[in-house]
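# Structural characterization, general
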Amino acid sequence: MGGLGSGTWFRLSQKDTVERSLVLAVKDFRKSLHPYGSGSFTWTWGSGAQASIGYSVTFHGDCPIVNLEYRSFGQEIRIPVRMQTTPTQFGGQRWWFTCPLIVGGVPCQRRVGKLYSSRWSRYFGCRTCQGLTYRSCQEAHSEERRVGTIEGQLEYLDALKRREGIE
Ligand SMILES: [Zn+2]
């Protein structure tokens, strides 16, 4: 299991497509959404190249935060991803990631089931932020991406809850 910051990241030299991106699916985290939950993921390509990331789970009140941790281009990266739920038809709940990226100064905050990375972003974010759909690569490339602070993400969650009348 990967501890904090144990992940290693290798530069991808392949064409950037959704298939070539690294993908994190919310279903793979479901079992770890408890205090002290942690784990790691490794991707291996045909060429033998590998990429891996570690994660640990912390809580802000009832809200789990998945902290993605890895090294990219010699830099330690830590991305807090706020988790959220929506009720299902049968009284259960469905988990979602909240996209942690701020693109061109605008926090994304989309509720998504998958997070992607791509060659021009050292971070994980939703497909739209990563420019994998809807927008030209050129356009996606030109916008600055950064990771929103967890405080900012939580503020947004509070505002959302107020708007939706939850708690
Ligand atoms: Zn996004």
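This text goes with the structure placed above it.
Our subject in this report is the structure included herewith. Here the residue numbering is sequential within each chain, running from 1 through the sequence in written order. Totals for whole chains, interfaces and linings use every residue, but because this is a predicted model, local features are given only for residues with pLDDT of at least 70 and side-chain atom pairs only at 80 or more, for both listing and counting.

Turning our eyes to something else, we now look at the overall build of the chain. In DSSP terms, a helix is any run of H or I states spanning at least four residues, a strand is any run of E spanning at least two, and both are numbered starting from the N terminus. The number of helices and strands found in the chain is two helices and 12 strands. For the chain, the sequential pattern of α-helices and β-strands runs β-β-β-β-β-β-β-β-β-β-β-α-β-α. The exposure scheme places C-beta atoms from the backbone and then counts, for each residue, the other C-beta atoms within 10 Å of its own, assigning buried at 20 or more, exposed at 12 or fewer, and partly exposed in between. Across the 167 residues in the chain, those meeting the buried criterion constitute 27%. In the chain, of all internal contacts separated by at least 6 residues, the share reaching a separation of at least 24 is 48%. Distance between backbone-placed C-beta atoms decides contact: two residues are in contact if it is within 7 Å.

Quick look at the nonpolar core now. Think of a nonpolar core as buried Ala, Val, Leu, Ile, Met, Phe, Trp, Tyr and Cys residues, each tied to the set through C-beta atoms within 7 Å. Membership of the largest hydrophobic core comes to 23 residues, with the highest contact counts inside it found for L68, L101, L115 and F124. At the level of elements, β3 (50-60), β4 (63-72), β5 (75-87), β7 (101-103), β10 (114-118) and β11 (121-125) are the ones that each hand at least two residues to this core.

Bringing the sheet that holds β4 into the picture now. Pairing between the strands of a sheet comes from backbone hydrogen bonds, and it takes one of two forms, parallel or antiparallel. Two strands are said to pair when DSSP picks up at least two bridges between them. If you trace the six strands from one edge of the open sheet to the other, you get β2-β3-β4-β5-β6-β9, paired in antiparallel fashion. The sheet terminates laterally at β2 (38-44) and β9 (111-112), the two strands that pair on one side only. The sheet contact formed by β3 and β4 spans seven bridges and is antiparallel. Within the sheet, the bridge partner assigned to T58 lies in β4 and is I65.

To continue, consider the environment of T88. Turning to its location among the elements, T88 is positioned in the loop between β5 and β6 (93-98). Since 9 C-beta atoms lie within 10 Å of it, T88 is described here as exposed. Residues in contact with T88, not counting those within four places in the same chain, are Q93 and R94.

Okay, the environment of L24 next. Note on placement: L24 falls in strand β1 (residues 22-25). Measuring from C-alpha to C-alpha, the distance between L24 and K114 comes to 5.5 Å, with 90 residues separating the pair along the chain. Setting aside chain neighbours within four positions, we find L24 in contact with F41, K114, L115 and F124.

Pairing between β2 and β3: seven bridges, direction antiparallel. Note on β3: the bridge partner recorded for G39 is Y55. Hairpin connection, β3 to β4: the antiparallel pair is bridged by two residues, and G61 has positive phi, about 60°.

Let us look at unusual backbone geometry. At Y36, a position not held by glycine, the phi torsion is positive, near 70°. Structurally, Y36 can be placed in the loop between β1 and β2. Given 9 C-beta atoms within 10 Å, Y36 falls into the exposed group. Its identity as a non-glycine residue notwithstanding, Q109 has a phi of 60°, on the positive side. Within the fold, Q109 resides in the loop between β8 (106-107) and β9.

These values are about where atoms sit, not about what they do.
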